[in-house]
Amino acid sequence: KAGFDNISCDFMLGLAGQSMESLNETIDRITALPIKHISAYMLKIEQGTAFDNNTVRKAVADDDKVSDMYLNTVQRLEKLGFEQYEISNFAKPGYECRHNTGYWKRADYLGVGLGAASLIGNVRYSNTDDMSEYRKEPQSVATKEQILREAQMEEFMFLGLRMVDGFNRDEFKRAFGVAIEGIYGDIL
């Protein structure tokens, strides 16, 4: 009613208590709305986090169930007119997320705030995630890392592989001045 016509929605796969039926109900409810973009993320418990314990691991879906949910989501969204353009992202034609695509194509971005990250001219910056430290020096940068050429090439490759279209050989040559086969020919 406010006039927004480009709305995105995110949901998780593999949550505690989530079944294939409840997942399908979520997809049905979301796609009944005028949504143009959907991100469907598979739950992954990271080591060392507060969720990394047996109670949580037993409550959430195992890898096989999450994989089944993912494949179900891909198929259902495709039937509903959402094109998959990245591992976890689906859009109506012309509504791919420019923000996320910029990350996957290694475009410069500026992150602002606690724990934020930035990439500017092949230098990665990150702010502290410690609130008391951030409150003392909100302009300070916790880390600054120059991304070396070899790491830039690796990022180009693995981020490109997230995209359904993959990586572009011409873009690689423009970015690095060498044919992709010259660097990765043995694995292509």
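Higher on the page you've got the structure.
The structure presented is a predicted model; accordingly, all values stated were derived computationally and were not measured.

What counts as what
Along each chain, the written sequence defines residue order, and numbers are assigned to residues from 1. Where totals are concerned, whole chains, interfaces and linings use all residues; where local detail is concerned, this predicted model gives features only for residues with pLDDT of at least 70, and gives and counts side-chain atom pairs only at 80 or more. Note: side-chain values were computed over all heavy atoms of the structure, leaving out hydrogens and water. All axes are obtained by fitting lines to C-alpha atoms, using only the stretch in contact for helices, and the reported angles, taken between N-to-C directions, cover 0 to 180 degrees. Numbered from the N terminus, helices here are DSSP runs of H or I no shorter than four residues, and strands are runs of E no shorter than two. Angle categories are assigned with fixed cut-offs, so that under 35 degrees is roughly parallel, over 145 is roughly antiparallel, 65 to 115 is roughly perpendicular, and the rest are oblique. Crossings are sorted by hand: turned counterclockwise from the far helix by less than a right angle, the near helix makes the crossing left-handed, and turned clockwise it makes it right-handed. In what follows, a contact means two residues having at least one pair of non-hydrogen atoms within 4.5 Å. Under this grouping Gly is polar, as are all residues other than the nonpolar Ala, Val, Leu, Ile, Met, Phe, Trp, Tyr, Cys and Pro and the charged Asp, Glu, Lys and Arg. Salt bridge, as used here, is a side-chain nitrogen of Lys or Arg placed within 4 Å of a carboxyl oxygen of Asp or Glu. Between buried and exposed lies partly exposed: a residue is buried under 20% and exposed over 50% of the maximum accessible area for its type, with that area taken using a 1.4 Å probe on protein chains only. Each aromatic pair joins two rings of Phe, Tyr and Trp (for Trp, the six-membered one) with centres within 6.5 Å, and gets the label stacked for planes under 30 degrees apart, edge-to-face for over 60, and tilted for any other angle. Buried Ala, Val, Leu, Ile, Met, Phe, Trp, Tyr and Cys residues that are joined via side-chain atoms within 4.5 Å together make up what is termed a nonpolar core. For the purposes of these results, a polar contact is taken to be a pair of N or O atoms within 3.5 Å, where, inside protein, one atom must be able to donate a hydrogen and its partner to accept one; residues adjacent in sequence count only when each atom of the pair is a side-chain atom. Note that patches include only residues with greater than 30% relative accessible area and no salt bridge, and the join distances are 9 Å for like charges and 5 Å for nonpolar side chains (Val, Leu, Ile, Met, Phe, Trp, Tyr). Here the accessible surface of atoms and residues is derived via Shrake-Rupley with a 1.4 Å probe, and residues count as covered only by protein chains that are part of the display. His is not counted, nor are the chain ends, whereas Lys and Arg count as positive and Asp and Glu as negative. Throughout, a charge is located at the NZ atom of Lys, the CZ atom of Arg, the CG atom of Asp or the CD atom of Glu.

Visitor: Help me understand the packing of helix H1 (residues 20-31) against helix H3 (residues 63-79), please; the structure alone is not making it clear to me.
Guide: Packed helices, taken two at a time, are described by the angle between their axes plus the distance between the axes. It is the contact of H1 with H3, at a shortest axis distance of 11 Å, that shows an interaxial angle of 30 degrees. Of the possible angle classes, the one that applies to H1 and H3 is roughly parallel. In this structure, the crossing between H1 and H3 has a hand that is right-handed. Here H1 contributes Met20, Leu23, Asn24, Ile27, Asp28 and Thr31 to the contact with H3, which in turn contributes Asp68, Met69, Asn72, Thr73, Arg76 and Leu77. Of the residues belonging to the contact of H1 with H3, the class tally is five nonpolar, four polar and three charged.

Visitor: Teacher, can you tell me more about the pattern of salt bridges here?
Guide: Close approach of charged atoms allows side chains with opposite charge to pair. Counted by the stated rule, this structure contains eight salt bridges. Residue glutamate 46 pairs with lysine 44 through a salt bridge whose shortest N-O separation is 3.8 Å. Of the charged contacts, one joins glutamate 86 and arginine 162 as a salt bridge, the two residues approaching to 2.4 Å between their closest N and O atoms. Here glutamate 86, found in strand S3 (residues 83-86), pairs with arginine 162, found in the loop between helix H6 (149-160) and helix H7 (169-176); they are 76 residues apart in sequence, far enough to count as distant. A relative accessible area of 0% places glutamate 86 in the buried class. Linked by salt bridges that have partners in common, Arg106, Arg124 and Glu155 make up one network.

Visitor: Just checking my understanding: could you explain the packing of aromatic side chains for this structure?
Guide: What describes a pair of aromatic rings is the distance from one ring centre to the other and the angle between the planes of the rings. This model, assessed by the stated rule, comprises six aromatic pairs. Measuring from ring centre to ring centre gives 4.5 Å for tyrosine 103 and tyrosine 109, while their planes differ by 90 degrees; the resulting arrangement is edge-to-face. Relative accessible area serves as the criterion here: at 33%, tyrosine 103 is assigned to the partly exposed category. Taking the relative accessible area as the measure of exposure, tyrosine 109 reaches 22% and is therefore partly exposed. Ring geometry for phenylalanine 172 versus tyrosine 184: centroids 6.2 Å apart, planes at 75 degrees, classification edge-to-face.

Visitor: Explain the nonpolar core to me, please; I cannot follow it from the model alone.
Guide: The tendency in soluble globular proteins is for nonpolar side chains to be buried as a group. Phe11, Leu13, Leu23, Ile30, Ile38, Leu77 and Phe90 are the most contacted members of the largest nonpolar core, which totals 15 residues. Counting only elements with at least two residues in this core, the list comes to strand S1 (7-13), H1, strand S2 (35-42) and H3. Apart from residues lying up to four places away in sequence, phenylalanine 90 is in contact with Lys36, His37, Ile38, Ala40, Val74, Leu77, Phe82, Glu83, Gln84 and Tyr85.

Visitor: Any chance you could explain the environment of glutamine 84 here in plain terms?
Guide: The residue glutamine 84 is located in strand S3 in this model. Apart from the residues lying within four places of it in its own chain, the contact partners of glutamine 84 are Tyr70, Val74, Asn89, Phe90 and Val164. Within polar-contact distance, the side chain of glutamine 84 engages the side chain of tyrosine 70 at 2.9 Å.

Visitor: In this structure, what is going on with the environment of glycine 111? I would like to understand it.
Guide: With respect to the helices and strands, the residue glycine 111 is situated in the loop between helix H4 (98-104) and strand S5 (117-120). The class of glycine 111 is buried, set by a relative accessible area of 19%. Separated by 21 residues in sequence, glycine 111 and phenylalanine 90 place their C-alpha atoms 24 Å apart. With sequence-adjacent residues up to four places away left out, glycine 111 is seen in contact with Ala116, Ala117, Ser118 and Asn127.

Visitor: Help me understand the side chain of threonine 128, please; the structure alone is not making it clear to me.
Guide: With respect to the helices and strands, the residue threonine 128 is situated in the loop between strand S6 (123-126) and helix H5 (131-136). From its side chain, threonine 128 meets the backbone nitrogen of aspartate 130 in a polar contact 3.0 Å long. The residues touching threonine 128, leaving out its near neighbours within four places in the chain, are Leu114, Gly115, Glu133, Tyr134 and Ala142.

Visitor: Explain a negative patch on the surface here, please?
Guide: Residues Asp62, Asp63, Asp64 and Asp68 make up a contiguous surface patch of negative charge. Positionally, aspartate 68 belongs in helix H3.

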